[in-house]
Amino acid sequence: MAIRVAGILLSPLELYADEAQYWRWGQTLDWGYYSKPPLIAWVIHTSTSVFGDSAWAVRLPAPFLHTIAAGCLFLLGRSMGGPRIGFMAAVGYALMPAVFLSSTVLSTDGVLMPIWALALWLLWRVREGRAAWLGYAALGLAVGTGFLAKYAMIYFTIGIGLAMLIDKPMRQNLLSARGAVALALAGLVIAPHIAWNFAHDFKTVGHTVDNANLGGELFNPGNALKFLADQMGVFGPISFLGLLAGMIFMRRSVSDEPARREHWLICFIAPVLVIIFVQSVLSRAHANWAATAYPAASVLIAMIFLRARPNRLLWIVIAVLSAFGFLLAPDFTLLARLLTGLAVAAGIGVFALMSHYKPEGLFWAGLTLHAVLGLVMTAAVTLPQMLSGPLDLDNSLKRTRGWDAISDKLVSFVDEAGTPSAVLVDEREIWHGLDFYLKDRIDAPLILWRYNEGAFSFAEQRPLTDEIDGDVLVASYRPNRRPAIAADFETFERVGEVNVDLGERANGCPLNRRLVLYRAAGFTPLPRTQAWVERYEDQTMDAPEPCPARD
């Protein structure tokens, strides 16, 4: 954890759009926000109230939260299989590639994970009959708080339902007066957030439903392979392949307690993976959407690797598939992916010989790989100027660079040209980046131009009104939006641009954040009809020259 905290304190990387949005929410505490439950905003509010409004203060809770999650998984693993299982589960979780990444930013997953892990441990104590009234109350509070962190906590309730179906002790202990108390306390914690949603037209729930993106073509089989590759990146290639093998060849009989424990854990793993897999095939799914499967999976793979017998074929299959998984990694050059994949396969071979093909050796091979990747990742975020270019990470890091610099250039332009009545931007990420890094240095409201009639994001909630449309500074990022923006004003004149260098793409083309500046007045927006969409969908204005990418 100390390395991760130091990485946050030393990293020059700036907030990306979602973090800046959560910071903005945290300026006003409430029971809900536009697209997420409130807990992440509360966490940021607490941290920045103590340490100030800086990027590191926003991110500082992240490594502590994941350390708490690892501690809870140690307690769960120890309860289920002894100290060795607990240690392997905690270390396996802490060294997960996704946890390394999530420890450098603050996300809703990072806030949810310690609560999820705590709830798992408390639920196991309930199942074992070792929880008194206080334990049941703590379980209810944890489940309710989980919903305030992220709606993905619903997968936990699905896991509870499945575990009750297959496990008699679960049914007996939860279908009791104490179980009713836990349910009541969970509902009590969630109730204010539900009331907030009711008072705000269910904005948060509606955004979550929209995020599923089920309005388009509902069959995309090509996404299946991408989903599997993404999960190898989230949990680690060896860990994920071992998890799949363990679940496919798991013991069918539940006549003995070790088998029942593994089936209990699978109730909190399989539903998440299956639901997100189906979602990815129907539409799309971000890699982190299945993250809640991996706290329980960290305990399960420790059990699987310890009980499995030596198997040379298993090592060969996992080595080949791990190497192939690196070929599917985004952003890096093909040569870098190929060399990394071959190096990983060779490393697995070395561990195979050292461990005499015992599957436990696979576990430690995977953790060694995770540690190496994690250290490279930590170095990349701590020294991005030195390493992002050679590692071809400029494109991956572009969302966390250049915001302060472009804000400074915009302030300098306004100081010379005069303060506008409003600053209008045409991209959500630009709005959030400027919102944090300008910090009211320009005495004018920051407004996001609306492509649609109403607000479709938090940044769009403030409209451009007649009172502030007299001398608008338009800072445009998107050439394909400029003709439509110009048509919304009576006057629209280019007055300059501001630009920051963000590095280079893998194909040699430069990366930059370029805002073309216009002075506009007389805001009279056109009706957002289908004819309006068709009129402007293929138009651009002041677009940069295309880059002649190198071969």
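Rules of the game
- Residues numbered from 1 in each chain as written.
- Predicted model: local features only at pLDDT ≥ 70, side-chain atom pairs only at ≥ 80, totals over all residues.
- Heavy atoms only, no water.
- Axes fitted to C-alpha atoms, helices over the stretch in contact; angles between N-to-C directions.
- Helix = DSSP H or I, 4+ residues; strand = E, 2+ residues; numbered from the N terminus.
- Parallel < 35°, antiparallel > 145°, perpendicular 65-115°, else oblique.
- Left-handed = near helix turned anticlockwise from the far one by under 90°.
- Contact = heavy atoms within 4.5 Å.
- Nonpolar A, V, L, I, M, F, W, Y, C, P; charged D, E, K, R; others polar.
- Pairing = 2+ DSSP bridges.
- Buried < 20%, exposed > 50% of the residue type's maximum accessible area, 1.4 Å probe, protein only.
- Polar contact = N/O pair within 3.5 Å; in protein donor to acceptor, adjacent residues only side chain to side chain.
- Salt bridge = Lys/Arg side-chain N within 4 Å of Asp/Glu carboxyl O.
- Core = buried A, V, L, I, M, F, W, Y, C linked by side-chain atoms within 4.5 Å.
- Patch = residues over 30% accessible without salt bridge, like charges linked within 9 Å, V, L, I, M, F, W, Y side chains within 5 Å.
- Areas by Shrake-Rupley, 256 points an atom, 1.4 Å probe, with all protein chains shown as cover.
- 1 Å grid on protein atoms, 1.4 Å probe; cavity = no way out; pocket = protein on both sides within 12 Å on 5 of 7 lines; lining within 4 Å.
- Points joined across faces, edges and corners; volume = space filled by probe spheres on them.

With respect to the packing of helix 2 (residues 17-26) against helix 25 (residues 428-438)
One way to put it is that helix 2 packs onto helix 25 with a least axis distance of 8 Å and a crossing angle of 55°. With respect to helix 25, the axis of helix 2 lies oblique. Considering how the two elements wind past one another, helix 2 and helix 25 form a crossing that is left-handed. Of the residues in helix 25, those in contact with Ala 17, Asp 18, Ala 20, Gln 21, Trp 23 and Arg 24 of helix 2 are Arg 428, Glu 429, His 432, Asp 435 and Phe 436. When grouped by side-chain class, the residues that make up the contact of helix 2 with helix 25 number 4 nonpolar, 2 polar and 5 charged.

Considering the packing of helix 8 (residues 108-127) against helix 10 (residues 154-166)
Direction vectors running N to C along helix 8 and helix 10 enclose 20°, while the axes themselves pass 11 Å from each other. Here helix 8 lies roughly parallel to helix 10, going by the angle between them. Where helix 8 crosses over helix 10, the two elements pack in a sense that is right-handed. Contacts between helix 8 and helix 10 involve Trp 116, Ala 119, Leu 120 and Leu 123 from the former and Tyr 155, Phe 156 and Ile 160 from the latter. Taken together, the residues that form the contact of helix 8 with helix 10 break down as 7 nonpolar, no polar and no charged.

A short note on the sheet that holds strand 5 (residues 510-523)
In spatial order, the strands read 2-1-3-5-4; together these 5 strands make up an open sheet with mixed pairing. With one partner strand each, in any of the chains shown, strand 2 (446-448) and strand 4 (489-504) form the two edges of the open sheet. With strand direction ignored, the average angle separating the axes of adjacent strands in the sheet is 25°. Pairing of strand 1 (residues 422-425) with strand 2, which is carried by 3 bridges, proceeds in the parallel orientation. Following the sheet pairing, Leu 424 is matched in strand 2 by Ile 447. Across the sheet, helix 25 is in contact with strand 1, strand 2 and strand 5; its angle to strand 2 comes to roughly 165°.

Details of the side chain of Arg 514
Positionally, Arg 514 belongs in strand 5. Given a relative accessible area of 16%, Arg 514 falls into the buried group. Among the polar contacts listed, one links the side chain of Arg 514 to the side chain of Glu 497, at a separation of 3.3 Å. Polar side-chain contacts of Arg 514 include one of 3.2 Å to the backbone oxygen of Asp 542.

With respect to the environment of Glu 429
Residue position: Glu 429 is located in helix 25. Distance from Glu 429 to Ala 199, taken between C-alpha atoms, is 27 Å for residues 230 residues apart in sequence. In contact with Glu 429, other than residues within four places in its own chain, are Ala 17, Arg 399 and Trp 403.

Thoughts on the pattern of salt bridges
Within the structure shown, the criterion is met by 18 salt bridges. A salt bridge links Glu 128 to Arg 127; the nearest nitrogen and oxygen atoms lie 2.5 Å apart. The partly exposed category is assigned to Glu 128, whose relative accessible area is 29%. For Arg 127, a relative accessible area of 4% corresponds to the buried category. When the shortest N-O distance is used, the salt bridge between Asp 542 and Arg 494 registers 3.5 Å. Here the residue Asp 542 occupies a position in the segment after helix 27 (530-536), and Arg 494 occupies one in strand 4, the gap between them amounting to 48 residues. Salt bridges linked by common partners bring Arg 494, Glu 497, Arg 514 and Asp 542 together as one network.

Points about the nonpolar core
Phe 156, Leu 243, Trp 264, Phe 268 and Tyr 294 are the most contacted members of the largest nonpolar core, which totals 138 residues. Counting residues per element, this core draws most heavily on helix 8, which supplies 13 residues. With sequence-adjacent residues up to four places away left out, Tyr 294 is seen in contact with Met 96, Gln 231, Val 234, Phe 235, Phe 240, Leu 243 and Leu 273.

Thoughts on a nonpolar patch on the surface
On the surface, a cluster of nonpolar side chains totalling about 520 Å² of accessible area is made up of Ile 154, Ile 158, Leu 162, Leu 165, Ile 166 and Ile 275. When residues in the nonpolar patch are grouped by element, the largest group, 5 residues, is from helix 10. By the element assignment, Ile 158 lies in helix 10. On the basis of relative accessibility, which here comes to 33%, the residue Ile 158 falls in the partly exposed class.

Description of the layout of surface pockets
Computed from the structure, the second largest pocket encloses a volume of approximately 570 Å³. Surrounding the second largest pocket, 20 residues form its lining, Tyr 477, Arg 505, Leu 511, Asn 512 and Arg 513 being those nearest its centre. Contributing elements (two or more residues each) for the lining of the second largest pocket: helix 25 and strand 5. Counting residues per element, the lining of the second largest pocket draws most heavily on strand 5, at 5 residues. Broken down by class, the residue content of the lining of the second largest pocket amounts to 10 nonpolar, 1 polar and 9 charged.

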